[in-house]
Amino acid sequence: MSTTTPNTDPDIDTDTDTTRVTNTSGAASDAVGTNRWYLSAAPILRALVHLCVPMAAAMIVGAVYNVMNAGFVGSLHDSSLLAAITFGTPLLGLVMAVGGVFGVGGGALISRLLGASEHDPAKAGEIKRVSSFALWGAVITGAVLGGIGLLLLGPLVGLLGADAPAVPATSAYVGVMLAFVPVLAAAFCLEQIVRAEGAARQVMVGLIGSTVANVLFDVLFILVLNWGVGGAALAMGLSNLAVVIYFVVWLQRHSVNVSLAPRWFTLSPAVLKPVFGVGVGELLQASFLIVTSLVLNNLAAAYGDSALAAMGVAVRIAQVPEFLVMGVTLGVLPLLAYAYGKGDRARLGSAVRASALVVGGISLLFGVAVFAFREPVFSAFSSDSSVLAIGVTVLAAQLVAMVVNGFTGLLTSLFQATGRAVPAIVMSMAQGVLFIPIVLLGKLWFGLGGIIWALTVSEGLVFVIGIVLWLASRRAIQRGLTEGSTERAEEALEQAA
């Protein structure tokens, strides 16, 4: 479904063959059923289905792939290989950091500009500079960081916590992943840009297609060619290259506002400040996740590869319901940002309330279901009784954390959508700052059990902090809505006249 821009032509939209609708400001909006219409005027529940269901579906497929990937590697019957994937997890946080700084920050700004363009059409012209800066900033930064990582591969593997038996496999996995950091960062960034225009279905197609390609590459590289975890990393890199190509082609063909051409690249403060204002929160969050993973891996390493393997498999199983919730919290962000940029207070409030109800329902329903069948599901990936015993405990801790983590993610999306940089940064820092003392005390007092449950306790405290920040930010959000409202825009035009 193509994405179009506001149009004053009252005729039929040839892309969708439906009549156009008019918004409250008197400006023509996009045709019913287009991506832009879902952001601007669609009933909230219908908009949530359009934006969140494709995202949730794509993320669940991705989570299922992570479980299958663990199964592919686990079929080699070598715990050090599963441990290598666990050790490499912080680098995925690095990719999220690079892609998130530019993608999430740029995507939120693009959605706000689209909303603001309903009252000020000139705002749409700024989107080309934002999208070009986001993509090429992610690629360049990813290339620099990936190159540095390859030059320091040996020390990096040691820093990740790999012990002697796991060093060769971890080096292979991390080395290949570092080579693809620019591609992975670009893929994540482009996903946010496409979502910013409300094209959730296109994002779903790209991500599911990438997952299918990843599985096929896994079969070839791991099962046929027997390349182990190096093959798993190569499969991930090549499949993400495919999704980059897909997103670029789609944007070139269907997006009027977005441009990825380097000639639109800019370092203007008008672009850098709002992009980094939101993006730096993603950077800090990912950085603290890296620190969290490093601390967790190094503490758990004292309990052997079985503990690390159990954590790796348990996290992947828990990701299925977690990613379903994330599909909602991430999918709703463009809707929140668009409503905020437009100044539509009622739509923003309705979107937040409806999303909260959906997040709560999903967390409880699927969390209970996965917990009820945790032992048979986990035993499908490892026959080692010690791995199973530890893994079931880790899975329980992950599922408890998921219940509050969904609401934390929704609050973070609200802060990002409304450009509230300080609350977003505090939320991003809180988990890492709280986790380190909690996990150290947990290990001291409760051993491995304390390490496992430390993240759950941290998530609960972060949620409480998020509620406090939301209450403190309500007045600033209301002021921003007033500045973007139709009434405020009309007053400004009258004053100018």
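The shown structure was predicted, so the numbers you read here are calculated from the model rather than taken from an experiment.

1. Concerning the overall build of the chain
At step 1: Scanning the chain from terminus to terminus reveals 18 helices and two strands.
At step 2: Of the contacts formed within the chain by residues at least 6 apart in sequence, a portion of 80% connects residues at least 24 apart.

2. Description of a nonpolar patch on the surface
At step 1: A cluster of nonpolar residues, Trp136, Ile140, Val144, Leu145, Ile148, Leu151, Leu152, Phe265 and Leu267, forms a patch on the protein surface that exposes about 850 Å² of accessible area.
At step 2: In this fold, Leu145 is placed in helix H4 (residues 127–151).

3. As for helix H6 (residues 167–179)
At step 1: When the terminal C-alpha atoms of H6 are compared, their 18 Å separation across 13 residues agrees well with the 18 Å that a helix rising 1.5 Å per residue should span.
At step 2: Within H6, burial applies to Ala169, Thr170, Tyr173, Val174, Gly175, Met177 and Leu178.

4. A closer look at the packing of H4 against H6
At step 1: Running from N to C, H4 and H6 point in directions that differ by 150°, and their axes come no closer than 8 Å. Relative to H6, the element H4 is oriented roughly antiparallel. When you trace H4 past H6, the crossing you get is left-handed. Counting all contacts with H4, which are made through Gly146, Gly149 and Leu150, the residues of H6 involved are Gly175, Leu178 and Ala179.

5. Thoughts on the packing of helix H7 (residues 181–196) against helix H9 (residues 228–254)
At step 1: Running from N to C, H7 and H9 point in directions that differ by 35°, and their axes come no closer than 9 Å. In terms of crossing hand, the pair formed by H7 and H9 is left-handed. On H9, the residues that touch Val183, Leu184, Ala186, Ala187, Leu190, Glu191, Ile193 and Val194 of H7 are Met236, Gly237, Asn240, Leu241, Val243, Val244, Phe247, Val248, Trp250 and Leu251.
At step 2: Here the residues of the contact of H7 with H9 are counted per class, giving 15 nonpolar, two polar and one charged.

6. With respect to the nonpolar core
At step 1: Among the nonpolar cores identified, the biggest contains 89 residues, and Tyr173, Leu190, Ile193, Leu251, Leu335 and Leu348 are the most heavily contacted of them.
At step 2: Sorting elements by how many residues they give to this core places helix H3 (residues 79–116) first, with 13 residues.
At step 3: The next biggest cluster of nonpolar side chains, apart from the first, holds 23 residues, and it includes Val295, Val370, Val394 and Ile451.

7. Some thoughts on helix H12 (residues 333–342)
At step 1: For H12, the buried fraction is high: ten of the ten residues fall into the buried class.
At step 2: All of the buried residues along H12 are Leu333, Pro334, Leu335, Leu336, Ala337, Tyr338, Ala339, Tyr340, Gly341 and Lys342.

8. Let's talk about the confidence of the model for the chain
At step 1: Of all residues in the chain, 78% have pLDDT values of 70 or greater, and the mean over the chain is 77.
At step 2: Within the chain, strand S1 (residues 20–22) has the poorest average pLDDT of any element, 38, and H4 the best, 90.
At step 3: Per-residue pLDDT stays below 50 along residues 486–497; that stretch engages in seven contacts with residues further than four places along the chain or on separate chains.

9. Side note on the packing of aromatic side chains
At step 1: Tallied over the full model, the rule gives nine aromatic pairs.
At step 2: With 5.6 Å between their ring centres and 40° between their planes, Phe133 and Phe265 make a pair best called tilted. Linking Phe133 in helix H4 with Phe265 in the loop between H9 and helix H10 (269–301), this pair joins segments that are 132 residues apart in sequence.
At step 3: Among the aromatic side chains, those forming a connected cluster through ring pairs are Phe102, Phe133, Phe265 and Phe276.

10. Observations concerning the side chain of Ser363
At step 1: Looking at the element boundaries, Ser363 is found in helix H13 (residues 345–372).
At step 2: Ser363 gets classed as buried once you look at its relative accessible area, which sits at 1%.
At step 3: For Ser363, the side chain forms a polar contact with the main-chain oxygen of Val359, separated by 2.8 Å.
At step 4: Once residues within four sequence positions are removed from consideration, Ser363 is found in contact with Val325, Val368, Met402 and Val403.

11. Some thoughts on the environment of Leu153
At step 1: Looking at the element boundaries, Leu153 is found in helix H5 (residues 153–159).
At step 2: Judged by relative accessible area, Leu153 falls into the partly exposed class, the value being 22%.
At step 3: Sequence separation of Leu153 and Ala172 is 19 residues, and the distance between their C-alpha atoms is 9.8 Å.
At step 4: In this view, Leu153 contacts Ser171, Val174, Gly175 and Leu178; residues no more than four positions away in its chain are not counted.

Criteria and cut-off values
- Residues numbered from 1 in each chain as written.
- Predicted model: local features only at pLDDT ≥ 70, side-chain atom pairs only at ≥ 80, totals over all residues.
- Heavy atoms only, no water.
- Helix = DSSP H or I, 4+ residues; strand = E, 2+ residues; numbered from the N terminus.
- Contact = heavy atoms within 4.5 Å.
- Patch = residues over 30% accessible without salt bridge, like charges linked within 9 Å, V, L, I, M, F, W, Y side chains within 5 Å.
- Areas by Shrake-Rupley, 256 points an atom, 1.4 Å probe, with all protein chains shown as cover.
- Salt bridge = Lys/Arg side-chain N within 4 Å of Asp/Glu carboxyl O.
- Expected span 1.5 Å × (residues − 1).
- Buried < 20%, exposed > 50% of the residue type's maximum accessible area, 1.4 Å probe, protein only.
- Axes fitted to C-alpha atoms, helices over the stretch in contact; angles between N-to-C directions.
- Parallel < 35°, antiparallel > 145°, perpendicular 65-115°, else oblique.
- Left-handed = near helix turned anticlockwise from the far one by under 90°.
- Nonpolar A, V, L, I, M, F, W, Y, C, P; charged D, E, K, R; others polar.
- Core = buried A, V, L, I, M, F, W, Y, C linked by side-chain atoms within 4.5 Å.
- pLDDT = per-residue confidence, 0-100.
- Phe/Tyr/Trp six-rings, centres within 6.5 Å; stacked < 30°, edge-to-face > 60°.
- Polar contact = N/O pair within 3.5 Å; in protein donor to acceptor, adjacent residues only side chain to side chain.

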